[in-house]
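Below, each chain spelled out in residue letters.
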Amino acid sequence: MINIKRKLIVIIALLFMVAVGAFFYKNTMNNRIPKSAKLVLLQQNKCSVIG
């Protein structure tokens, strides 16, 4: 019984850590290049290929 509770606590803690890590990763990757700059870069790449 104690072993099952311990495993459950470990699994919940690992899932929580993964969720927090994914949240911070998402925030840092989105803040490196603004979305508007990404769109401008994509449009420039398309125009240079066409022109």
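Going by the structure above, here's the rest.
Residues numbered from 1 in each chain as written. Predicted model: local features only at pLDDT ≥ 70, side-chain atom pairs only at ≥ 80, totals over all residues. Heavy atoms only, no water.

Side note on the overall build of the chain
Quick reminder of the rule: Numbering of helices and strands runs from the N terminus; a helix is a DSSP stretch of H or I covering at least four residues, while a strand is a stretch of E covering at least two. Each residue's exposure class comes from its accessible area (1.4 Å probe, protein chains only) as a fraction of the maximum for that residue type: buried when under 20%, exposed when over 50%, partly exposed otherwise. Per-residue accessibility takes into account occlusion by the displayed protein chains alone, with areas from the Shrake-Rupley method and a 1.4 Å probe.
The secondary structure content of the chain amounts to 2 helices and 0 strands. Among the 51 residues that make up the chain, the fraction classed as buried is 0%. Accessible area of the chain: about 5,100 Å², with a carbon and sulfur share of 73%.

Notes on the packing of aromatic side chains
Selection rule: Aromatic pairs are defined between Phe, Tyr and Trp rings, using the six-membered ring for Trp, whenever the two ring centres lie within 6.5 Å; interplanar angles under 30 degrees are classed as stacked, those over 60 as edge-to-face, and all others as tilted.
Within this structure, the stated rule accounts for 1 aromatic pair. Their ring planes at 65° and their centres at 5.8 Å tell us that Phe23 and Phe24 sit as a pair that is edge-to-face. Exposure remark for Phe24: the relative accessible area of 51% places this residue in the exposed category.

Quick look at a nonpolar patch on the surface
Rule in force here: Patch criteria: residues need more than 30% relative accessible area and no salt bridge. Like-charged residues are merged within 9 Å; nonpolar side chains of Val, Leu, Ile, Met, Phe, Trp and Tyr are merged within 5 Å. Put simply, a salt bridge is a Lys or Arg side-chain nitrogen that is within 4 Å of an Asp or Glu carboxyl oxygen.
On the surface, Val10, Leu14, Phe16, Met17, Val20, Phe23 and Phe24 cluster together into a nonpolar patch covering about 740 Å² of accessible area. On the secondary structure map, Val10 appears in helix H1 (residues 2-32).

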